[in-house]
Amino acid sequence: MAAAMASAAERAVLEEEFKWLLQEEVHAVLKQLQDILKEASHRFALPASGAGGAVKQENFVLSTSGTDQVKGVLTLQGDALCQADVNLKTPRNNQLLHFAFREDKQWKLQQIQDARNHVNQAIYLLMNRDVNYQFKTGSEVLKLMDAVMLQLSRARNRLTTPATLTLPEIASSGLTKMFTPALPPDILVNFYINLNKLCLTVYQLHVLQPSTTKNFKPAGGSILHNPGAMFEFGNQRYEVSHVHKVECVVPWLNDALVFFTVSLQLCQQLKDKISVFSSYWNYRPY
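These notes cover the structure that comes with them.

Criteria and thresholds
Residues numbered from 1 in each chain as written. Predicted model: local features only at pLDDT ≥ 70, side-chain atom pairs only at ≥ 80, totals over all residues. Heavy atoms only, no water. Pairing = 2+ DSSP bridges. Helix = DSSP H or I, 4+ residues; strand = E, 2+ residues; numbered from the N terminus. Phe/Tyr/Trp six-rings, centres within 6.5 Å; stacked < 30°, edge-to-face > 60°. Buried < 20%, exposed > 50% of the residue type's maximum accessible area, 1.4 Å probe, protein only. Lys NZ or Arg CZ within 6 Å of the ring centre and 35° of its normal. Contact = heavy atoms within 4.5 Å. Axes fitted to C-alpha atoms, helices over the stretch in contact; angles between N-to-C directions. Core = buried A, V, L, I, M, F, W, Y, C linked by side-chain atoms within 4.5 Å. Polar contact = N/O pair within 3.5 Å; in protein donor to acceptor, adjacent residues only side chain to side chain.

What follows covers the pairing of strand β10 (residues 236–249). One ladder, built from eleven bridges, connects strand β8 (residues 197–207) with β10; its direction is antiparallel. Looking at the pairing, His206 lines up with Glu239 of β10. Where strand β9 (residues 230–233) folds back on β10, the antiparallel hairpin that results is connected by two residues, among which Gly234 adopts a positive phi of roughly 60°.

What follows is the structure, given as structure tokens:
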């Protein structure tokens, strides 16, 4: 009898604690998440002056720990690369090539655009459960956290996992038509985001003559192709002779990645707290 009473009293205390968790702590965490993610979203579009100003332009110098075959300056404006000024010293003859974006062109960085959209979707999910919303079950909270975490994981993955492209895909990209003077036919370029870095890869090619004895084997998709990779484009076969990769650190991308990590941890901690209560009952309390 005493054990039953103790059990009933313990259960009542737990139910009160769980009720407080649903009514108070969940909303406190949701508010914290909203604040962090709004800060993350702002990082993707910093205004030049005041909240309503145009997105400011930032210049970044490309560098590498290896040779100085490629040098340049990139101008980033939110999710758009609005200028790229690149110098390439060709290894074969030490010729210096210079090419830059045409004035009327800019290149959208889809990774940044997608990451921002996923963050804004996570914010939308959180704002749909404002402070007046009453959570009735733990299951409801878990579903919301899972949905928010999915968007945050997708946002982070877009910045940490560049697209794998084949060499013909790079060759046929609109990026090749962005430059003045036009890129020589034996040069390919690709821009992408990797974590907190904006990367430029320059591929130098040589034409494989029909009489070559080389065994032609076209390369598959890759983030970074190596010298010796072969491909066919425009009824012509090519081989990559040299690869140059240069990069620049974009500080606000690093900030965004930190915000994603902190937010995912907050979501998981709230899920863990909800789940702890289920272990006290044989049946699902949520």
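For the structure on display, the rule yields six aromatic pairs. Residues Phe101 and Phe191 carry aromatic rings whose centres are separated by 6.2 Å and whose planes lie at 80° to one another, so their mutual orientation is edge-to-face. Separated by 90 residues along the polypeptide, Phe101 in strand β4 (residues 96–101) and Phe191 in strand β7 (residues 187–194) bring together distant segments of the chain. Of the two residues examined, Phe101 and Phe191, each falls in the buried class. Feature note: the residues Phe99, Phe101, Phe179 and Phe191 constitute an aromatic cluster, connected by ring pairs. Seen from the ring of Tyr133, Arg129 lies directly overhead, with NZ or CZ sitting 4.5 Å from the centre.

It is worth spelling out the environment of Gly72 at this point. With respect to the helices and strands, Gly72 occurs in strand β2 (residues 70–77). For Gly72, a relative accessible area of 11% gives the class buried. Distance in space between the C-alpha atoms of Gly72 and Phe60 is 8.5 Å, their sequence separation being twelve residues. Not counting residues within four places of it along the chain, the set of residues in contact with Gly72 comprises Phe60, Val61, Leu62, Asp85 and Val86.

This part is about the pairing of β7. The buried count for β7 comes to seven of eight residues, which makes it a mostly enclosed element. Pairing of β7 with β8 involves eight bridges; the strand directions are antiparallel. The residue bridging Leu188 from the neighbouring strand is Tyr203, located in β8. A loop of two residues connects β7 with β8, the two strands running antiparallel in sequence, and Leu195 in this loop sits at a positive phi of about 60°.

So, on to the sheet that holds β9. Judged by pairing direction, the sheet is antiparallel, and its four strands sit side by side in the order β7-β8-β10-β9 without closing on themselves. Each edge of the open sheet is held by one strand with a lone partner, namely β7 and β9. When strand polarity is set aside, the average angle formed by the axes of neighbouring strands in this sheet is 40°. Note: β9 against β10, four bridges, orientation antiparallel. Bridging from a neighbouring strand, Met230 pairs with Glu239 of β10.

This brings us to the nonpolar core. Phe44, Phe179, Phe191 and Phe260 are the most contacted members of the largest nonpolar core, which totals 67 residues. When residues in this core are grouped by element, the largest group, twelve residues, is from helix α5 (residues 251–278). Excluding residues within four positions of it along the chain, Phe44 makes contact with Gly78, Asp79, Ile112, Ala115, Arg116, Val119, Leu159, Trp252, Leu253, Ala256 and Phe260. In this structure, Leu167, Ala171, Leu188 and Leu205 belong to the second largest nonpolar core, which totals ten residues.

So, about the side chain of Asp79. Positionally, Asp79 belongs in the loop between β2 and β3 (80–89). For Asp79, a relative accessible area of 4% puts it in the buried group. Within the structure, Asp79 has its side chain in polar contact with the side chain of Gln113 (distance 3.4 Å).

Okay, unusual backbone geometry next. In this chain, Thr180 is followed by Pro181 through a cis amide linkage whose omega measures -5°. Here Pro181 lies in the loop between β6 (179–180) and β7. The backbone of Leu195 shows a phi angle near 60°, a positive value even though the residue is not glycine. Relative to the helices and strands, Leu195 resides in the loop between β7 and β8. The phi dihedral of Asn235 is positive, around 60°, even though this residue is not glycine. Along the chain, the position of Asn235 falls in the loop between β9 and β10.

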